[in-house]
Every structure is written in C-alpha cells, then in structure tokens.
Amino acid sequence: MHDTTALLIELGAVILGLGLLGRLAGRVGFSPIPLYLLAGLAFGHGGLIPMAASEEFIATGAEIGVILLLLLLGLEYSASELVTNLKTQYPSGIVDFVLNATPGAVAALLLGWGPVAAVALAGVTWISSSGVIAKVLGDLGRLGNRETPVILGVLVIEDLAMAVYLPLLTALLAGLSLAGGSLTLLISLGSVGLVLYVALRHGRLISRAVSSDNPEMLLLVVLGLTVLVAGVAQELQVSAAVGAFLVGIALSGEVAEGAHNLLAPLRDLFAAVFFVFFGLNTDPAAIPPVLVPALILAVVTALTKIATGWYAARRAGVKTAGRWRTGGTLVARGEFSIVIAGLAVGVEPRIGPLATAYVLILVILGPLAARWTEPLARRFGRKSSPSPSPKASPVAEQPVAERSAADESVAEAPAAEAPTASGSTDTAHSHG
C-alpha cells in the first residue's frame with residue numbers, strides 16, 4: 001500500500017475513533033482523556049495493531065495540541081487577573097506546591113530515577129487538570145458556588161507557575177549546565193514579566209493590531225503568531241508551550257473571545273491527538289510493573305490535594321462543606337501531567353508508563369472525589385459527633401453535625417453573582 005494511502009487510512013481511523021470515544025465518554029458522563037490514552041496504548045508500540053505510517057504526522061499534531069492547550073489557557077486570563085491572583089492566592093499556591101510536588105519527587109528518588117526525573121515527576125503530581133475540573137464544575141452545577149473562586153484561584157496559580165517550571169525542566173532535560181539553566185530561567189522570567197507589563201499597559205493596542213472582523217483572517221493571524229512565537233521560544237530553550245501561553249495572555253477583550261471560539265474545536269482535536277500520541281509511545285507491557293507505585297502515588301496525592309483545597313477555602317472564609325468540596329474537586333490530574341511526562345521520557349523512559357497509569361487512575365477518581373468528598377466527610381463527622389443530652393430542648397436535640405450541615409447548606413447555597421478568582425465564573429471553562 002502506498003505510504004500516502006496508508007497515512008490517510010490510519011489518520012481517518014484515528015480521528016473517527018476519537019470522535020466515537022468522545023461520544024461514549026459524554027454518554028457515561030466522565031472525561032474522555034482515559035479513553036484516548038487507552039486507544040493510544042492499544043495501537044502503539046506493543047499494542048494490538050501498531051500504526052507506523054501516521055506516527056510522524058500524529059507526533060506533529062501532538063506538538064500543535066500542546067501549543068493550542070496553552071494558547072487557549074492564556075486567552076482565558078488577562079494580565080490584570082493573573083496579577084490579582086498572584087497577590088491574593090500565593091499562600092495557597094505555595095501550600096499546593098509543597099504538598100503535591102513533594103510526593104512525586106520523593107517517589108522518583110525512592111525508585112532510583114535520579115534528580116532530573118524527580119523534578120519531572122514532581123510536576124506530574126503537582127498540577128491539577130483544569131480541563132477536567134472545569135467540566136466537573138459545570139456538570140455538578142457549582143459554577144456559582146462560593147468555593148468556586150478558590151478552586152479557580154489555585155488553578156490559575158498552577159497555570160502561571162508552568163511558565164517558570166517548564167523552562168526549568170526543559171533546561172534540566174537538555175543537560176544544560178547551572179549557568180545555562182539559570183540563563184534559560186532568566187529568559188523565561190524576563191519574557192513573562194515583559195509580556196505581563198506590555199499586556200497591562202498596551203494590551204488594547206496589541207489586540208487592535210491582531211483584531212479582524214473576518215474570522216478567517218483572525219484565525220490565521222492568531223494561529224500563525226502563536227506557532228511562530230512557540231518555535232522561537234523552543235529555540236531559546238524556554239518551551240514552546242510557554243511561548244503559546246504568553247501569546248494568549250497578551251490578547252484580551254473581543255479578540256481573545258473571538259480567537260477562543262475559533263480555536264477551541266482545533267484545540268480539542270489536537271489535544272485528543274496528543275493523548276493518543278502519548279499512549280502510542282507507551283508500551284502497555286511496561287504499565288503493570290509500575291501499577292502499584294502509581295496507585296500509591298494517586299492515593300497520597302489525592303489526599304494532599306484535598307488538604308490543599310481545605311486550606312485554600314479556609315483562607316477565603318468558606319464554610320466546612322465548601323472546604324471539602326474544594327479539596328475533592330482539585331483531585332483530578334490530566335493534560336499537563338501527560339505534557340510533563342512526555343517531555344521527560346527521553347531522560348527516564350519509565351516515567352511514561354507511571355504517568356499514564358497515574359493519570360488514568362486520577363482522571364477517573366477526580367470526578368468521583370468532587371462529588372463524594374463532602375458527603376462522606378459529613379457522614380463521618382455525624383458519626384463522631386457526641387450524643388445529645390436527654391434533657392436538651394427540641395432544637396438542641398438535633399445532632400450537632402446535622403445542624404452545622406443545615407447551616408452550611410444555607411451558607412453554601414450557590415451565589416450566581418459571586419465573583420470568581422478571575423472576576424467571572426466563565427473562567428471555569430479553562431484549558432482542556
């Protein structure tokens with residue numbers, strides 16, 4: 001069979017399969033990410049039917065998928081919103097980093113993978129999946145809840161931290177010296193600072209220069225600018241993903257909204273291709289040996305994310321029930337854990353299977369934790385509450401836990417006009 005013919009057949013089968021898997025996930029009511037990963041495992045190296053003709057094309061599509069993920073993430077947040085979140089949420093961001101990056105780093109060291117792999121695995125366990133979390137918030141009708149701005153604030157801090165973390169990881173993976181790595185980090189920090197400054201001071205001018213009433217022209221200019229900047233950033237060892245993120249931040253207003261609407265379907269397509277590509281490059285036979293470490297790591301980091309959410313919501317004055325909901329909602333890991341693992345597999349190939357198993361567990365457990373953490377906490381709290389006094393008044397005879405739960409249900413009632421971390425509940429529809 002001719003190479004081009006085989007490429008078309010394989011590529012058509014992949015895209016059609018992704019569409020069917022996405023519909024199946026929608027029917028069941030959970031994220032399609034685990035199905036995409038499983039599809040990649042099934043048709044990759046060591047899978048059922050290895051695909052050879054379209055592998056290079058899918059690899060290029062996967063690179064575009066990462067770029068579009070970060071671009072649309074940047075489009076969701078303006079420079080002023082990011083600065084505001086940094087000022088108000090940084091203590092929660094620090095706690096989030098310490099509690100959730102540490103287990104990954106420790107696990108890599110215990111497995112004997114070395115310090116560079118420890119930095120990579122720390123990122124895998126640190127970053128929550130804002131794509132899965134945004135879908136969960138919408139599905140559960142919690143976009144207006146009082147704890148939602150706290151959840152979004154933690155996600156924004158994580159996303160902004162990626163602009164520093166990814167260049168540092170890229171430098172370490174490239175084997176750069178301390179001076180070279182420091183230079184790369186300084187370039188990244190300088191780029192982020194410069195983009196934030198220009199976006200704050202001259203964001204309207206940039207958006208006006210890019211703006212177009214013709215959707216075709218707007219799509220071509222924004223996409224072309226993003227890929228160009230991503231390529232330049234990659235050449236500077238800063239990471240293509242960070243370059244795309246900075247382009248998104250620099251655009252605002254109607255331009256950002258229009259570009260988001262045009263690029264969202266492309267993002268979804270190429271992001272799905274990225275997950276398939278990661279699965280293609282992971283040997284299914286390598287997963288069973290790391291399944292136990294992945295399960296242990298998933299349980300530990302699910303608990304640390306719940307603790308992170310509890311702390312962040314407590315700082316914001318959210319009541320007890322909302323604190324549990326915040327923690328449970330943050331459990332899911334997904335797209336960025338896979339992005340980080342994909343960067344690191346060249347140095348430590350075993351990170352790929354471990355990250356795949358880890359994400360598969362938590363992308364399924366995450367929506368369940370979001371739904372059930374608060375009811376389970378309330379049930380255990382009710383069991384541990386003291387028995388009421390026989391002479392208590394009718395109001396006092398009501399168990400303490402039930403009264404507090406009732407009070408909190410009133411206090412935690414969805415506030416449709418409650419401000420989010422970025423000033424709008426629409427921010428929940430973050431990167432996918």
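Computed from a predicted structure; not experimentally measured. (Residues numbered from 1 in each chain as written. Predicted model: local features only at pLDDT ≥ 70, side-chain atom pairs only at ≥ 80, totals over all residues. Heavy atoms only, no water.)

**What to know about the overall build of the protein**
Inference 1: Of regular secondary structure, the protein possesses 16 helices and 0 strands.
Inference 2: Burial statistics for the protein: of 432 residues in total, 49% are counted as buried.
Inference 3: Of the contacts formed within the protein by residues at least 6 apart in sequence, a portion of 82% connects residues at least 24 apart. (Helix = DSSP H or I, 4+ residues; strand = E, 2+ residues; numbered from the N terminus. Buried < 20%, exposed > 50% of the residue type's maximum accessible area, 1.4 Å probe, protein only. Contact = heavy atoms within 4.5 Å.)

**Regarding the nonpolar core**
Inference 1: L37, L70, L71, L121, V222, I340 and Y358 are the most contacted members of the largest nonpolar core, which has 112 residues in total.
Inference 2: At 15 residues, the largest contribution of residues to this core is made by helix α11 (residues 253-280).
Inference 3: Setting aside residues no more than four positions away along its own chain, L121 makes contact with G104, A107, A108, W113, L297 and L354. (Core = buried A, V, L, I, M, F, W, Y, C linked by side-chain atoms within 4.5 Å.)

**Considering the pattern of salt bridges**
Inference 1: Evaluated as defined, the whole model comprises 7 salt bridges.
Inference 2: Residue K305 is joined to D96 by a salt bridge in which the shortest nitrogen-to-oxygen separation is 2.9 Å. Taken as a pair, K305 in helix α12 (residues 291-315) and D96 in helix α4 (residues 79-110) lie far apart in primary sequence, 209 residues in all.
Inference 3: By relative accessible area, K305 is classed as buried at 0%.
Inference 4: K305 is the salt-bridge partner of E158, the closest N and O atoms lying 2.5 Å from each other. Of the two residues, E158 sits in helix α7 (residues 148-173) while K305 sits in helix α12, which places them 147 residues apart along the sequence. Residues E158 and K305 agree in their burial class; the two are buried.
Inference 5: Where salt bridges share partners, they join E147, R325, E374 and R378 into one cluster. (Salt bridge = Lys/Arg side-chain N within 4 Å of Asp/Glu carboxyl O.)

**Brief notes about the environment of G74**
Inference 1: With respect to the helices and strands, the residue G74 is situated in helix α3 (residues 55-76).
Inference 2: Of the residues examined, G74 reaches a relative accessible area of 0% and is grouped as buried.
Inference 3: Each C-alpha atom of the pair G74 and G248 lies 3.9 Å from the other, and the pair is 174 residues apart in sequence.
Inference 4: Sequence-distant contacts of G74, that is, excluding residues within four places in its chain, are made with F245, G248 and I249.

**As for the confidence of the model for the protein**
Inference 1: Looking at the protein as a whole, its pLDDT mean stands at 78, while 83% of the residues score no less than 70.
Inference 2: Within the protein, the lowest mean pLDDT, 40, falls on helix α16 (residues 400-411), and the highest, 95, falls on α12.
Inference 3: Under a pLDDT of 50 for its full length, residues 389-432 has, in the predicted model, 78 contacts with residues more than four places off or in other chains. (pLDDT = per-residue confidence, 0-100.)

**As for α7**
Inference 1: With 26 residues, α7 extends 36 Å from end C-alpha to end C-alpha; this agrees with the ideal 38 Å at 1.5 Å per step.
Inference 2: Roughly 35 degrees is the biggest bend found in α7, and it falls at M162.
Inference 3: Counting buried positions along α7 yields 22 of 26 residues, so the element is predominantly enclosed.
Inference 4: G175 sits one or two positions beyond α7 and adopts a positive phi of about 75 degrees. (Expected span 1.5 Å × (residues − 1). Bend = angle between axes of the 7 residues up to and from the residue.)

**Considerations on the packing of helix α5 (residues 115-126) against α7**
Inference 1: Between α5 and α7, the shortest axis-to-axis distance is 10 Å and the interhelical angle comes to 160 degrees. When the axes of α5 and α7 are compared, the pair comes out roughly antiparallel. For the pair α5 and α7, the sense of crossing is left-handed. In this structure, α5 uses V116, V119, A120, G123 and W126 to contact α7, whose residues at the interface are E158, A161, Y165, L169, L172 and L173.
Inference 2: Here the residues of the contact of α5 with α7 are counted per class, giving 9 nonpolar, 1 polar and 1 charged. (Axes fitted to C-alpha atoms, helices over the stretch in contact; angles between N-to-C directions. Parallel < 35°, antiparallel > 145°, perpendicular 65-115°, else oblique. Left-handed = near helix turned anticlockwise from the far one by under 90°. Nonpolar A, V, L, I, M, F, W, Y, C, P; charged D, E, K, R; others polar.)

**A closer look at a nonpolar patch on the surface**
Inference 1: Residues I364, L365, L368, W372, L376 and F380 make up a contiguous nonpolar surface patch of roughly 590 Å² in combined accessible area.
Inference 2: Relative to the elements of secondary structure, L368 occurs in helix α15 (residues 351-384). (Patch = residues over 30% accessible without salt bridge, like charges linked within 9 Å, V, L, I, M, F, W, Y side chains within 5 Å. Areas by Shrake-Rupley, 256 points an atom, 1.4 Å probe, with all protein chains shown as cover.)

**So, the environment of L71**
Inference 1: Considering the arrangement of structural elements, one finds L71 in helix α3.
Inference 2: On the basis of relative accessible area, L71 is assigned to the buried category, the value being 0%.
Inference 3: Sequence separation of L71 and F245 is 174 residues, and the distance between their C-alpha atoms is 4.7 Å.
Inference 4: Excluding its chain neighbours within four sequence positions, the residues that come into contact with L71 are V222, T226, A244, F245, V247, G248 and L263.

**A few points about the packing of α11 against helix α14 (residues 335-344)**
Inference 1: One way to put it is that α11 packs onto α14 with a least axis distance of 11 Å and a crossing angle of 45 degrees. The pairing of α11 with α14 is recorded here as oblique in orientation. For α11 against α14, the interelement crossing comes out left-handed. Facing F274, F275 and F278 of α11, the residues of α14 in contact are E335, I338, V339, A341 and G342.
Inference 2: Considering only residue class, the contact of α11 with α14 consists of 6 nonpolar, 1 polar and 1 charged.

**Structural notes on the side chain of R323**
Inference 1: Following the sequence through the fold, R323 ends up in helix α13 (residues 320-329).
Inference 2: Residue class for R323 comes out buried when judged on its relative accessible area of 17%.
Inference 3: A polar contact of 2.8 Å, which involves the side chain of R323, links it to the backbone oxygen of V318.
Inference 4: Once you skip the residues sitting within four places of it in the chain, R323 turns out to touch G309, W310, A313, R314 and V318. (Polar contact = N/O pair within 3.5 Å; in protein donor to acceptor, adjacent residues only side chain to side chain.)

**Re the packing of aromatic side chains**
Inference 1: Using the criterion set out here, one finds 3 aromatic pairs in the structure.
Inference 2: With centroids separated by 4.9 Å and ring planes inclined at 75 degrees, the aromatic side chains of F97 and W126 adopt a geometry described as edge-to-face. A residue pair is termed long-range when its members are at least 10 positions apart, and F97 in helix α4 and W126 in helix α5 qualify at 29 residues.
Inference 3: Accessibility expressed as a relative area gives 42% for F97, which makes it partly exposed.
Inference 4: Among the aromatic residues, those joined into a cluster by ring pairs are F97, W126 and Y165. (Phe/Tyr/Trp six-rings, centres within 6.5 Å; stacked < 30°, edge-to-face > 60°.)

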